[in-house]
Amino acid sequence: MVALQIRDVPEDVRDTLAARARENGQSLQAFLLALVLREASFSRNLDLIRELDDESPQPGPTVEDVLAALDDARAERGQVFGSPEADRRDGAA
């Protein structure tokens, strides 16, 4: 394994991190190692998302497309959110 060293950490930052480590029942070393490992895993997730995005032949629907489709489906079934008819069916007054 590799050893990392961080220089010029302000004392209040070190104290805050040490307090968080104590709250989790960890040493500062274990707490910081967990932080570094978690951050590295996020990076791998981002790389995977980018890789999958590059492989997709065409973009998926936008948020607006999904919301419009939901509105259309609800309107077809007469289930418009917040309408008096929908409220009565859902048991609201």
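Residues numbered from 1 in each chain as written. Predicted model: local features only at pLDDT ≥ 70, side-chain atom pairs only at ≥ 80, totals over all residues. Heavy atoms only, no water.

*Asks:* Whenever I open this one, the overall build of the protein confuses me. Can you help?
*Replies:* Along the protein, the regular secondary structure elements total four helices and zero strands. For the protein, the residues scored as buried account for 5% of the 93 residues in total. As presented, the protein carries roughly 8500 Å² of accessible surface, and 55% of it is formed by carbon and sulfur atoms. (Helix = DSSP H or I, 4+ residues; strand = E, 2+ residues; numbered from the N terminus. Buried < 20%, exposed > 50% of the residue type's maximum accessible area, 1.4 Å probe, protein only. Areas by Shrake-Rupley, 256 points an atom, 1.4 Å probe, with all protein chains shown as cover.)

*Asks:* I keep staring at helix 3 (residues 63-77) and nothing clicks. Help me out?
*Replies:* Note: α-helices contain 3.6 residues per turn, so residues at a spacing of three or four share the same orientation. A rise of 1.5 Å per residue sets the reference length of helix 3, with its 15 residues, at 21 Å; its end C-alpha atoms lie 21 Å apart and thus fit the reference within 8%. Of the residues flanking the end of helix 3, it is glycine 78, one or two places downstream, whose phi is positive at about 70°. (Expected span 1.5 Å × (residues − 1).)

*Asks:* Is there a simple way to explain the pattern of salt bridges in this structure?
*Replies:* Any two side chains of opposite charge can pair, so long as their charged atoms come close to each other. Using the criterion set out here, one finds one salt bridge in the structure. Between arginine 14 and aspartate 15 there is a salt bridge, with its nearest N and O atoms 3.7 Å apart. (Salt bridge = Lys/Arg side-chain N within 4 Å of Asp/Glu carboxyl O.)

*Asks:* Can you walk me through unusual backbone geometry in this structure?
*Replies:* Note: most residues except glycine have negative phi, and most peptide bonds are trans. In the Ramachandran plot, aspartate 8 falls in the positive-phi region, its phi being about 60° despite a non-glycine side chain. Tracing the sequence through the fold places aspartate 8 in the segment before helix 1 (11-23).

*Asks:* What exactly am I supposed to notice about helix 1 here?
*Replies:* Under the 1.5 Å per step criterion, the end-to-end length of helix 1 is 18 Å for 13 residues, consistent within 8% with the ideal 18 Å. Count one or two residues on from helix 1 and you reach glycine 25, which has phi positive near 70°.

*Asks:* Explain the layout of surface pockets here, please?
*Replies:* To find the voids left in a structure, one rolls a probe of water-molecule size over its atoms. In this structure, the largest pocket encloses a volume near 520 Å³. Leu4, Ile6, Gln29, Leu32 and Val36 are, among the 16 residues lining the largest pocket, the residues nearest its centre. At the level of elements, helix 1 and helix 2 (28-55) are the ones that each hand at least two residues to the lining of the largest pocket. If one sorts the elements of the lining of the largest pocket by residue count, helix 2 sits on top with six residues. (1 Å grid on protein atoms, 1.4 Å probe; cavity = no way out; pocket = protein on both sides within 12 Å on 5 of 7 lines; lining within 4 Å. Points joined across faces, edges and corners; volume = space filled by probe spheres on them.)

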